[in-house]
Amino acid sequence: MTASYMVVDEEPIILLFVRDRDRNRRLMKVRGFRPYFYVKTEDVKYLYSGGRILRFEDGDYWSVHGEKLTKVVCRIPQDVKVLREFLHKRGVLTYESDIKFVLRFLIDKDIYCGVDEHLRPVEIDVPARVLMFDIENATEKRPSLEDEILCIGFYDSYTDEIVILIQECGELPAFNRLTDKKLRIEVVEDERELLERFIDEVATRKPDIIAGYNIVGYDLPNLVARCRKLKVDYRRLSPLRAVKKRDETWRILGVEVFDFFPAILELYAREFRRYSLDEMVRELLGIEEKVEIGNFKRMWSIRPELVIQRNIYHVEKMVLLEEKIGIIEFYENIRKLVGARLQDIYPHRKASFCEMLILRKTRDLVKLRAKLEYEESTYTGAIVLEPKVGLWRNVAVIDFSALYPSIMRAYNISFETYNPKGRLRIDEENAFVDSPRGIIPQLLDRLIELRAEYKKKRKEARDPIEYMKWDAKQKAVKYITNSLYGYFGFPASRLYSPKIAECITSAGLSIFF
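These lines cover the structure that appears in this document, whether it is placed above or below. (Residues numbered from 1 in each chain as written. Predicted model: local features only at pLDDT ≥ 70, side-chain atom pairs only at ≥ 80, totals over all residues. Heavy atoms only, no water.)

## Here's the deal with the overall build of the protein
Reasoning step 1: A count of helices and strands for the protein gives 15 helices and 17 strands.
Reasoning step 2: Its C-alpha atoms give the protein a radius of gyration of 26 Å, within 12% of the compact-globule value 24 Å for 513 residues.
Reasoning step 3: Along the first, second and third principal axes, the C-alpha set of the protein runs to 80 × 75 × 45 Å.
Reasoning step 4: In the protein, once contacts between residues fewer than 6 apart in sequence are set aside, the share between residues at least 24 apart is 64%. (Helix = DSSP H or I, 4+ residues; strand = E, 2+ residues; numbered from the N terminus. Rg over C-alpha atoms; globule rule 2.2 N^0.38 Å. Contact = heavy atoms within 4.5 Å.)

Here is the structure:
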């Protein structure tokens, strides 16, 4: 499932793209949900009803610190941003004014990964339809958006086939393969027809996710640039006819864009010297086959089969990465656990999925203030000891399972439980109350319980496919669990608190020293 919205006649309409149990994809439109945020009741005087504001609502709304809040309901999402900036410039705090409109809807309706025909949240374990693609350009020296596209290869996870679209280049030989997937090669007359055919395929297949290796930095910008030059309507890649670059990435409304490259950088940071597709497949899967080409334009004129072979290899390598390691599946599991869109939790967005968990947990309890700009503060973190050169015997290794999450649970560490007079003491200055159970420890309790459940199901699995399914799920839970600690030490987080972050690391150090 993915979601977006549009505004028609000053009314926001939520757009949910869902698949039913028969794997059919459909669009559900939801009207009547309006954007909103909160301010302290005493600060309502800075606002007036009318224009951007539809109404004020008084209810059981409170901040973490016990301040009475008033709900401000607006016309359209843009109004919330304008009013937030207006108030912040005047030193007036706002609460939950920076939550994306679509995420606000998913949180309020308790939707995680699917809905039924009555918009009630349901868990539907239907795999996303993934279309992985790769292009080859007529590059001579350095890649350019002016380079002609010679061929486009793609894989469809629902049909389990690879299709290679190529410009006319003469008789073709048999190609070497890395997989046993069905391969179909389709020859077209020129580049314009090549682009048209590819976009036709995407529009017909209706994928949930369009993926590739460095597609944000290379394939998508090249594809769009060549479509613009040849007057091909690339907007048909989107069921909403909206394709645009935003925040250093590409958005295809109604479809998630997934780039393996930043995902691998995040999951395997500092493990390898190079992170090209060929290198990653060699390092992670032990596959050496590759085709190296310097001048693609010249090679196409003399041995086009090598360019095509490279295209086939690249598509197959992405398929193998996903089948053997499950990178998209990993992030999809996180998405379903926190109830967000793929674009909201990847890449390098640990704070975002931590925040979704926290906002869902606090929805009926307290309202959290909007993010503020902080100067990053230093605090005492973990100690990394330099190894001493030499040969050592009788070495003992101590590995604490989930050290920081365990500390947070044991000391009831949460943003609302910090109290220097509390019973659970970290040191002479810092402590936490022992009751009630903190919001963050409650989340950790549930995550650890869930991981144990998944590991049990993995152990009981009757075949390798079922084993991999539960293993992927428990890994996603582990990743989320270990990320919650870092949320307090991240300056852009809603609950940034170097003091609390240092309490966690200090408690960890006290165990060892």
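## Concerning helix α4 (residues 215-229)
Reasoning step 1: Taking burial as the measure, the 15 residues of α4 include 11 buried ones, the bulk of the element.
Reasoning step 2: Those residues of α4 that sit buried are Ile215, Val216, Asp219, Leu220, Pro221, Asn222, Leu223, Val224, Ala225, Arg226 and Cys227.
Reasoning step 3: Looking at the packing, one finds that the buried side of α4 touches β8 (130-137), β9 (149-156), α3 (191-205), β12 (209-212), β14 (249-252) and β15 (256-259).
Reasoning step 4: Just past α4, the residue Lys231 takes up positive phi, approximately 60 degrees. (Buried < 20%, exposed > 50% of the residue type's maximum accessible area, 1.4 Å probe, protein only.)

## Focus on the sheet that holds strand β4 (residues 36-40)
Reasoning step 1: The strand order across the open sheet formed by four strands is β5-β6-β4-β7, and the pairing between neighbours is antiparallel. Edge positions in the sheet fall to β5 (53-62) and β7 (94-95), since each of these pairs with one other strand and no more.
Reasoning step 2: One ladder, built from five bridges, connects β4 with strand β6 (residues 68-74); its direction is antiparallel. From the neighbouring strand, Lys40 faces β6, where its bridge partner is Leu69. (Pairing = 2+ DSSP bridges.)

## Re the pattern of salt bridges
Reasoning step 1: Scanning the model with the defined rule gives 52 salt bridges in all.
Reasoning step 2: Taking the shortest distance from any N to any O, the salt bridge between Glu316 and Arg177 comes out at 2.8 Å. You can see Glu316 sitting in helix α8 (residues 304-325) and its partner Arg177 sitting in the loop between β10 (161-167) and β11 (182-188), a full 139 residues away along the chain.
Reasoning step 3: The partner of Glu191 in a salt bridge is Arg226, and the shortest N-O contact between them spans 2.7 Å. (Salt bridge = Lys/Arg side-chain N within 4 Å of Asp/Glu carboxyl O.)

## Re the sheet that holds β15
Two orientations exist for strands paired in a sheet by backbone hydrogen bonds: parallel and antiparallel.
Reasoning step 1: Overall, mixed pairing links the six strands, which are arranged β11-β10-β9-β8-β12-β15 in an open sheet. Single-partner strands in this sheet number two, and they are β11 and β15. Between one strand axis and the next, the sheet turns by 20 degrees as a mean value, whatever way the strands run.
Reasoning step 2: Of the strand pairs in this sheet, β9 and β10 are connected by six bridges, and their pairing is antiparallel. In the sheet register, Gly153 faces β10, and the bridge partner there is Ile164.
Reasoning step 3: Lying over the sheet, α8 contacts β8, β9, β10, β11 and β12, oriented at roughly 150 degrees with respect to β8. (Axes fitted to C-alpha atoms, helices over the stretch in contact; angles between N-to-C directions.)

## Here we look at the nonpolar core
Reasoning step 1: Counting 112 residues, the largest nonpolar core has Leu16 and Phe258 as the members making the most contacts within it.
Reasoning step 2: When sequence neighbours within four positions are dropped, the list of residues in contact with Leu16 reads Thr2, Ala3, Arg26, Leu27, Met28, Val30, Phe105, Leu106, Val115 and Leu119.
Reasoning step 3: Ile152, Val216, Val243 and Ile252 belong to the second-largest nonpolar core, a separate cluster that totals 29 residues. (Core = buried A, V, L, I, M, F, W, Y, C linked by side-chain atoms within 4.5 Å.)

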